[in-house]
Structure formats: C-alpha cells, structure tokens
Amino acid sequence: MLRDLAYLFFPIYCAACDKPLYKNERLLCTTCRHILPLSNFHNVNAKKIEKVFYGRIKIENATSLFVFQKHGLVQNLIHNLKYRGREEIGIEIGRWLAEEISQNSDYQSIDAIIPVPLHKKRLRERGYNQVETFGVEIAKKLNVKYIDSVLKKNSYTSKQSKRGKLSRWVNTSETFGIQNESLLKNKHILLVDDIVTTGATIEACVNTLKTIPGIKISIATMAITE
C-alpha cells in the first residue's frame, strides 16, 4: 500500500522515453526494451565497429550494444546517464551487454576490463565516470578484474559532443598516459566506452596502451553512431 502511494505521488520515469513506468517495470518501459536499436554485432559477426578502426589500430574484437541515432531513444538514454546523474543506466546496459558477450567465444579470453578515463577535472565536474558502472557489470559477468588505475587522461578537453569530426581528431591527440603498466602486461583487455563516433578517443587510448608488452585489446561500447 505504501509503495503504491509513493509511486502515485513520485512516479519513476523510463530512462529512454521519459514516460512513467508501471510498477512491474525497471528503468526502461516494456516498449523501449523491445524497440531500442540493438546492433547484434557479437551475434551476427557484423564488422561495422571494426571497420571504423581498420588501418588505424590493431584490435582483437569489437562490439556495441546499441546503434546511436540522433534525437533517438539511445541518445536520450545515454544523455540521462552522463548529465542527469542516472548511474543505474550504466548498470543496466552493462548487464545487458555482458549477458550477450558472455556467450561469445571471442570474449572468453578477456583478462580485465578498463574504462576510457575522464580527466580529473571532468571527473570532479560530473562526479563519476559514466562508463564505470557499465564496465564493472561486464567485469562481474566475465569474472575478471575492473582496473581503472592504468590508463589516465593527461589533458582537459572540451566536451566532445559539441565538436565536429575534424575537431575531435585534434582534440584527443596525445591526451592519454599510462601508469602501473605491469597490471596489464601480457593481458587481453576489454576497453569500454559510451559511444563510438569517429573513434578518435578509442584510437588515442589504444595507441597509448599498445606500448605495454604483450597486451591485446578488444573494445566494447554502449553504442555506435549510424
């Protein structure tokens, strides 16, 4: 009874479409769970995300859960995660993708999950790294370590979402560094991020990480742009 009254006066809204959830729904409404555009890259062996990096960096495997469409549900979902403090969205997306890739042999050799880091100033501004809960959930499912103490961002840059493609390439150039590299020596790591657009940020991260002896790198993101 008390729960029903609380829901009546303080309804919970879908993280994708912003409509009120029914009592039996969690985070996403039933409609959005069925219509969110899934990439299915890891199921149908599609190589779209790998083509983004072809000829630029060497990676083992790559996948994204969603296809990002401008002004679409996925954009709203990730916006709520990044800018409205809804970290539980990262948990849900992480569990969703983790369930998918845990059944895929390409990801059975992963040794650790590491996030694309935020600069410490950006981290203070936002209060959290939006990909942390996403990565932690994948690490739990794959039964591997989540390590955020190796890859670091050295310079503070303006928000990528407000920059054009060319600016993004310049903006991410040589902005990452490594520490405690022995933690990833001879490891197959899964680098996680929110969205792949030009791939400039991930390319910069991979180019930094590849200096670690014996490292292998795969990529998993929440979404990839069309």
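Note: the structure precedes this text.
Being a predicted model, the structure only gives us computed values, none of them experimental.

What follows covers the pattern of salt bridges. With the rule as written, the count across this model stands at 10 salt bridges. The salt bridge involving Arg-26 is made with Glu-92; its shortest N-O contact spans 2.8 Å. In this pair, Arg-26 is assigned in the loop between helix 1 (2–9) and helix 2 (30–35) and Glu-92 in helix 6 (residues 88–101), connecting sequence segments 66 residues apart. With a relative accessible area of 8%, Glu-92 lands in the buried category. When the shortest N-O distance is used, the salt bridge between Arg-56 and Glu-203 registers 2.8 Å. With a gap of 147 residues between them, Arg-56 in the loop between helix 4 (48–53) and strand 1 (62–68) and Glu-203 in helix 10 (residues 200–209) connect regions that are remote in the sequence. Looking at Arg-56, the relative accessible area reads 26%, which means it is partly exposed.

Here Tyr-146 lies in strand 3 (residues 145–146). Along the primary structure Tyr-146 and Ile-114 are separated by 32 residues, whereas in three dimensions their C-alpha atoms are 5.9 Å apart. Residues within four places of Tyr-146 in sequence aside, it is in contact with Ile-113, Pro-115, Val-131, Glu-132, Gly-135, Val-136 and Ala-139.

Calculation rules
Residues numbered from 1 in each chain as written. Predicted model: local features only at pLDDT ≥ 70, side-chain atom pairs only at ≥ 80, totals over all residues. Heavy atoms only, no water. Salt bridge = Lys/Arg side-chain N within 4 Å of Asp/Glu carboxyl O. Helix = DSSP H or I, 4+ residues; strand = E, 2+ residues; numbered from the N terminus. Buried < 20%, exposed > 50% of the residue type's maximum accessible area, 1.4 Å probe, protein only. Contact = heavy atoms within 4.5 Å.

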